[in-house]
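Spelled out, the chains give:
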Number of protein chains: 2
Amino acid sequence: MNDDATDHGSNLDAILVAAEEEFSQRGFDGAGMKSIAARAGVSQALLHYHLGTKDNLYSEVIRRRSDQINAERQALLDKIDLEAPDALEGVIDALVRPPFGPAGGGRAYARIFAGLVVGRERDRALVREKYDPIALRFVEAIEAAVEGLGRKGAGLGYVLTLGALISVIARDGRPERLMGLSENHLMNQDETIAAIVAFASGGIRSFRDGNVHVSEKSHPKGGST
Amino acid sequence: MNDDATDHGSNLDAILVAAEEEFSQRGFDGAGMKSIAARAGVSQALLHYHLGTKDNLYSEVIRRRSDQINAERQALLDKIDLEAPDALEGVIDALVRPPFGPAGGGRAYARIFAGLVVGRERDRALVREKYDPIALRFVEAIEAAVEGLGRKGAGLGYVLTLGALISVIARDGRPERLMGLSENHLMNQDETIAAIVAFASGGIRSFRDGNVHVSEKSHPKGGST
DNA sequence: GATTCCTGATTGATCGGTCAGTCAGTCCGG
DNA sequence: CCGGACTGACTGACCGATCAATCAGGAATC
């Protein structure tokens with residue numbers, strides 16, 4: 001019946017919201033079905049009725065958000081003129097902005113998202129399934145936006161950019177702590193996004209100057225640089 | 001089977017090695033004291049005898065590696081002439097190289113290390129305790145190495161650089177997958193380090209050009225696109 | 001009355017942690 | 001050289017708690 005991302009009157013949505021919070025705060029193994037049920041105000045058995053297993057509940061939580069985030073990413077990416085001189089900045093912005101916005105689901109999913117990137121096998125499979133397809137499109141866009149970059153530089157740039165993104169999306173406090181700012185003087189969202197865009201763009205452009213060598217030619221055993 | 005650099009007859013070291021592997025593969029909550037004991041070839045009770053609680057075992061595993069990594073980082077940092085034009089590259093290299101080397105303990109600890117950066121409360125406390133002090137020294141070094149960067153740009157640069165680092169340290173396969181490389185053609189260590197250094201240095205230098213605004217004085221311009 | 005939604009009660013497994021006690025040395029007075 | 005006291009390393013058996021998952025059945029809706 002309902003393959004859509006969001007609700008109808010049932011408790012299903014409340015369960016997914018509660019599960020998102022629980023997984024965010026305690027991780028997959030730390031989360032408890034009982035605890036999620038309590039958060040949602042339903043019985044534990046209802047979780048199994050709707051979602052089956054804990055694994056499937058986790059997948060469903062991630063699917064909802066990744067669908068929204070990737071749709072917004074794709075929409076932003078489609079608007080970019082890859083011939084423009086600041087095309088790279090636009091591509092990076094399209095990549096990093098959606099997770100901060102309403103599609104990203106706020107702080108709760110942000111931490112799950114960050115965990116996915118450095119996660120164990122279960123998370124890896126989910127990333128491959130939910131995020132890799134659009135990741136490849138961004139890699140191609142980065143390659144097209146920067147002359148003389150090449151596929152390897154673009155792929156590497158994508159991965160490093162995503163790492164930079166999660167380092168600020170997952171952690172409250174540490175960036176500000178290291179920057180010497182007071183507790184109640186947090187970076188706002190636009191400033192954060194702008195900083196990541198500048199950092200990643202600058203980093204990727206530096207690859208043009210022959211800084212990235214991924215032993216390309218033939219020999220299976222790479223020589224040291 | 002597992003001979004580590006530090007070994008003195010007792011089973012304590014075998015326990016720490018086994019725990020490192022277990023935590024790396026399953027995370028803190030996913031790891032089991034029984035499973036760790038089995039890996040180490042000792043009884044579960046011995047873990048509690050030597051280490052007390054699971055929390056303490058975890059801390060001990062991290063302390064061993066962080067001590068080595070940070071000592072090596074500090075040593076490399078001390079050699080750098082901050083007045084040199086490529087001082088920034090040297091600082092970044094000193095920051096990212098040790099986790100890849102023998103002090104980093106190989107793949108096993110690498111994943112734990114990555115998890116720390118995006119981790120939950122327990123991990124946060126460990127990072128504050130074991131990594132923040134030297135992190136501050138690197139922030140200062142970055143600030144000193146790049147003229148006109150400022151403390152905020154340096155702090156932000158540090159955090160984003162660390163994010164970039166963990167994105168490649170934690171994940172096998174995805175970088176190569178997105179770069180269009182075959183499975184058995186992985187990036188080697190020196191190439192990886194060189195790429196991160198180039199990326200981070202380029203990114204941080206781009207902050208000089210007024211790309212980083214952390215609302216303190218004046219008001220930032222809108223950072224969109 | 002069939003279908004969907006939902007729950008209380010309960011399952012067996014596994015969790016981290018505890019405890020009494022074994023075993024191999026070591027130290028010491030004689 | 002002797003034994004007994006003492007210690008640190010180590011184990012098997014076991015604890016209560018908690019885990020995800022199951023199931024029979026109640027309540028509501030069509």
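An unreviewed UniProt entry annotates chain A as Transcriptional regulator, TetR family originating from Tranquillimonas alkanivorans.

Right, let's talk about the nonpolar core for a bit. A:Val91, A:Ile142, A:Ile196, B:Ile142 and B:Ile196 are the most contacted members of the largest nonpolar core, which totals 128 residues. Among residues more than four places away in sequence, those in contact with A:Val91 are A:Leu77, A:Ile80, A:Phe138, A:Ala141, A:Ile142 and A:Ala145.

In the contact formed by helix 11 (residues 189-205) of chain A and helix 11 (residues 189-205) of chain B, the axes pass within 6 Å of each other and the chain directions differ by 125 degrees. By the angle between their directions, the pair helix 11 of chain A and helix 11 of chain B is classed as oblique. As helix 11 of chain A runs across helix 11 of chain B, the sense of the crossing is right-handed. When helix 11 of chain A is examined against helix 11 of chain B, the residues A:Phe199, A:Ala200, A:Gly202, A:Gly203 and A:Arg205 are found in contact with a partner set consisting of B:Phe199, B:Ala200, B:Gly202, B:Gly203 and B:Arg205. For the contact of helix 11 of chain A with helix 11 of chain B, the class distribution of residues is four nonpolar, four polar and two charged.

Contacts between the two partners involve 63 residues from chain A and, on the opposite side, 60 residues from chain B. Counting residues per element, the ones that place at least two in the side of chain A that touches chain B are helix 1 (12-30), helix 5 (87-96), helix 6 (106-117), helix 8 (132-145), helix 9 (150-169), helix 10 (174-179) and helix 11 of chain A. At 14 residues, the largest contribution of residues to the side of chain A that touches chain B is made by helix 9 of chain A. Each residue belonging to the side of chain A that touches chain B can be placed in one class, and the counts come to 31 nonpolar, 20 polar and twelve charged.

With 20 residues, helix 1 (residues 11-30) of chain B should reach 28 Å at 1.5 Å per residue; the first-to-last C-alpha distance of 23 Å falls well below that figure. Along its length, helix 1 of chain B shows its largest kink, about 85 degrees, at B:Ser24. Taken residue by residue, helix 1 of chain B has B:Ile15, B:Leu16, B:Val17, B:Ala18, B:Ala19, B:Glu20, B:Glu21, B:Glu22, B:Phe23, B:Ser24, B:Gly27 and B:Phe28 as its buried positions. Where helix 1 of chain B is buried, its residues contact helix 1 of chain A together with helix 2 (33-40), helix 3 (44-51), helix 4 (54-78), helix 6 (106-117) and helix 7 (121-130) of chain B.

Attention now moves to the UniProt feature "DNA-binding region" (unreviewed entry) in chain A. The UniProt record marks residues 32-51 of chain A with the feature "DNA-binding region" (unreviewed entry), using the residue numbering of this structure. The span residues 32-51 of chain A carries 80% helix and 0% strand; its end-to-end C-alpha distance comes to 14 Å.

Further remarks concern the protein's contact with DNA strand D. Inspection of the region around DNA strand D gives 17 residues, with A:Gly32, A:Thr53, A:Lys54, B:Ser43 and B:Ala45 positioned closest. Sorting the residues of the surface near DNA strand D by element identifies helix 2 (33-40) and helix 3 (44-51) of chain A together with helix 3 of chain B as the ones contributing at least two each. In terms of residue count, the dominant contributor to the surface near DNA strand D is helix 3 of chain B (four residues). Tallied by class, residues from the surface near DNA strand D come to seven nonpolar, eight polar and two charged.

Quick notes on the rules
Residues numbered from 1 in each chain as written. Chains lettered and ligands numbered in written order. Predicted model: local features only at pLDDT ≥ 70, side-chain atom pairs only at ≥ 80, totals over all residues. Core = buried A, V, L, I, M, F, W, Y, C linked by C-beta atoms within 7 Å. Buried ≥ 20, exposed ≤ 12 C-beta atoms within 10 Å, placed from the backbone. Contact = placed C-beta atoms within 7 Å. Axes fitted to C-alpha atoms, helices over the stretch in contact; angles between N-to-C directions. Helix = DSSP H or I, 4+ residues; strand = E, 2+ residues; numbered from the N terminus. Parallel < 35°, antiparallel > 145°, perpendicular 65-115°, else oblique. Left-handed = near helix turned anticlockwise from the far one by under 90°. Nonpolar A, V, L, I, M, F, W, Y, C, P; charged D, E, K, R; others polar. Expected span 1.5 Å × (residues − 1). Bend = angle between axes of the 7 residues up to and from the residue. UniProt positions renumbered as here; feature names shortened; annotations may be inferred. Near = placed C-beta within 6 Å.

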